[in-house]
Amino acid sequence: MSKTVSRDQEAGQQAGIPSAGAPPGRPRSRGRLVALGVVVVVAAGAVAAWRAGAFSPAGSPGTGQQGAPPATKPVLREDLSATTPVTATLGYAGSYPVSGKGDGTLTWLPSPGRVIGQGQALYQTGNGSPVVLLYGSVPDWRSLDEGTTGADVSQLNHDLVALGYAGRADVVALGWDYYSWETAQAIQKLEGHLGVSDPPGSLSLGQVVFEPEALRVAQVTGRLGGPASGPVLTATSDRHVVTISLDASAQSEVKASDPVTVTLPDGTSTPGVVSSVGTVATTTSGPGQGTSTTIPVQVKLIHPGAAGRLDQAPVTVYITTASVRNALAVPVTALVAQASGGYDVEVAEPGNTRRLVPVTPGIFDDNSGLVQVTGGLVPGQSVVVAAS
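Anyway, here's the lowdown on the structure attached to this text. (Residues numbered from 1 in each chain as written. Predicted model: local features only at pLDDT ≥ 70, side-chain atom pairs only at ≥ 80, totals over all residues. Heavy atoms only, no water.)

1. Things to note about a nonpolar patch on the surface
Taken together, the side chains of Leu-174, Tyr-178 and Trp-181 define a hydrophobic patch exposed on the protein surface, amounting to about 270 Å² of accessible area. Looking at the secondary structure, you find Trp-181 in helix H4 (residues 181-193). (Patch = residues over 30% accessible without salt bridge, like charges linked within 9 Å, V, L, I, M, F, W, Y side chains within 5 Å. Areas by Shrake-Rupley, 256 points an atom, 1.4 Å probe, with all protein chains shown as cover. Salt bridge = Lys/Arg side-chain N within 4 Å of Asp/Glu carboxyl O. Helix = DSSP H or I, 4+ residues; strand = E, 2+ residues; numbered from the N terminus.)

2. Things to note about H4
For H4, with 13 residues, the first-to-last C-alpha span of 18 Å sits near the 18 Å given by 1.5 Å per residue. Residues of H4 that are buried include every one of Glu-182, Thr-183, Ala-184, Ala-186, Ile-187, Leu-190 and Glu-191, and no others. The inward-facing, buried residues of H4 abut strand S9 (129-135), helix H2 (151-162) and helix H3 (168-174). At the C-terminal side of H4, Gly-195 shows a positive phi close to 100 degrees. (Expected span 1.5 Å × (residues − 1). Buried < 20%, exposed > 50% of the residue type's maximum accessible area, 1.4 Å probe, protein only. Contact = heavy atoms within 4.5 Å.)

3. Re H2
End to end, H2 covers 17 Å across twelve residues, agreeing with the expected 16 Å (1.5 Å per residue, within 8%). Summarising burial for H2: nine of the twelve residues are buried, a large majority. Taken together, the buried positions of H2 are occupied by Asp-152, Val-153, Ser-154, Gln-155, Leu-156, Asn-157, Asp-159, Leu-160 and Val-161. Positive phi appears at Gly-164, one or two residues downstream of H2, with a value of about 90 degrees.

4. Description of the nonpolar core
In this structure, Leu-90, Val-242, Ile-244, Val-262 and Val-317 are the most contacted members of the largest nonpolar core, which totals 21 residues. Listed by contribution, the elements that provide at least two residues to this core are strand S4 (76-92), strand S13 (240-247), strand S14 (259-263), strand S17 (290-301) and strand S18 (313-331). Among all residues touching Leu-90, those that are not within four sequence positions of it are His-240, Val-241, Val-242, Leu-264, Leu-301, Ala-307, Leu-310, Asp-311, Gln-312, Ala-313 and Val-315. (Core = buried A, V, L, I, M, F, W, Y, C linked by side-chain atoms within 4.5 Å.)

5. A word on unusual backbone geometry
We note that Gln-312 has phi near 55 degrees; this positive angle belongs to a residue other than glycine. Among the residues examined, Gln-312 registers a relative accessible area of 57% and is labelled exposed. Residues other than glycine seldom take positive phi values, yet Asn-352 does so here, at roughly 60 degrees. Its place among the elements puts Asn-352 in the loop between strand S20 (343-349) and strand S21 (353-365).

6. Quick word on the pattern of salt bridges
Inspection of the entire model under this criterion finds seven salt bridges. A salt bridge links Lys-255 to Asp-258; the nearest nitrogen and oxygen atoms lie 3.0 Å apart. For Asp-258, a relative accessible area of 3% translates into the label buried. Glu-346 serves as the salt-bridge partner of Arg-354, at 3.7 Å between the closest nitrogen and oxygen.

7. Topic: the pairing of strand S10 (residues 208-211)
Side chains Val-208 and Phe-210 of S10 all project onto a buried face; the interleaved residues Val-209 and Glu-211 project onto the opposite face, where all are buried too. For S9 and S10, the ladder comprises four bridges, and the chain directions are parallel. When the sheet's bridge partners are listed, Val-132 is paired in S10 with Val-208. (Pairing = 2+ DSSP bridges.)

8. Topic: the environment of Ser-229
Along the chain, Ser-229 turns up in the loop between strand S11 (215-220) and strand S12 (230-236). In this structure, the C-alpha to C-alpha distance between Ser-229 and Gly-100, residues 129 residues apart in sequence, is 4.2 Å.

9. Observations concerning the side chain of Thr-125
Along the polypeptide, Thr-125 turns up in strand S8 (residues 121-125). Looking at Thr-125, the relative accessible area reads 12%, which means it is buried.

10. Structural notes on the pairing of S9
Within S9, five of the seven residues are buried, which leaves the element mostly enclosed by the surrounding structure. The loop that links S8 with its antiparallel partner S9 comprises three residues; one of these, Gly-126, has a positive phi angle of about 50 degrees.

11. Some remarks on the packing of H2 against H4
Contact pair H2 / H4: the axes reach a minimum separation of 10 Å and the direction vectors enclose 55 degrees. Classed by the angle they form, the pair H2 and H4 counts as oblique. Taken as a pair, H2 and H4 cross one another with a handedness that is left-handed. Where H2 approaches H4, its residues Leu-156, Asn-157 and Leu-160 are matched on the opposing element by Thr-183, Ala-186, Ile-187 and Leu-190. Split by residue class, the contact of H2 with H4 holds five nonpolar, two polar and no charged. (Axes fitted to C-alpha atoms, helices over the stretch in contact; angles between N-to-C directions. Parallel < 35°, antiparallel > 145°, perpendicular 65-115°, else oblique. Left-handed = near helix turned anticlockwise from the far one by under 90°. Nonpolar A, V, L, I, M, F, W, Y, C, P; charged D, E, K, R; others polar.)

Here it is as structure tokens:
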């Protein structure tokens, strides 16, 4: 039943926290994270609004007129989503240690942060002899020369074609996995482009490094003048990734392709999508921290450039924990705490008359500032909100 009240009749009382009700329509509920995310986020939004003076405690029923028109907003039909924040780390994907396999002395090394792509020199030995990065999953494990066959030769030929040093038709005719005269000529062109004088057309062990993608130098472990064999550098990919250590009990609540929002250290937000959810849990413990079991969840940024060159930076990921389509919604600042518990919203009537209508809050959408409500409201009605 509706109740009518004047703002002048309202008595001051601390607002409570709304409890989520059964939303209309077909909400997408995700179990434990909903309980933690929706209720906590609704509570956080409600408390913040109450502290701002948004929630007025309900008084006794009646009618009244106000001298000045109140601030109002319309009742809406909206798609709403509830989110919960989790801490995460923004870094670069992959880990690639690079070790030299040839003889000689290191004479040039890249600087940390440099990105090296297909066909470029990772480092140099002796009198400017480059060790070249090529793409492939089979590691460099032997010398290669005309007549050699194998999977490593196949990926070498694909690289040479991709770089424009070999003709696809000639390689296909001779065989992808065959080190032919075409392959030898292409190697000479590649090494000549990198500054090698009189390149031989063959590859000795250690002249190339096969990795699946471009490398970003993370740390240089070798030293100029040191031996070219052994650890030279460690690298990552040049792709940013956000890693979440998610409580293992919530593993089923998150899945690949879920949309998320990532808040960067400067406060800006950028969209992302869950790219993988780990299946192997890690248990850690520390003094005064108890024991926690987590799984790794990785998030891909929709706009990678938004992260700049940040590495190992703390970020916050907002995971969507529940959603509802076409929900009846009002601004959270329209909620009025009842003296006996529960919530009303104050509907503004013609003639500056207002009446209280009981509602049950549901999903709180932090992005829009709207809260789902069920009760005797219809879209288009004006509800009183806290003045901005």
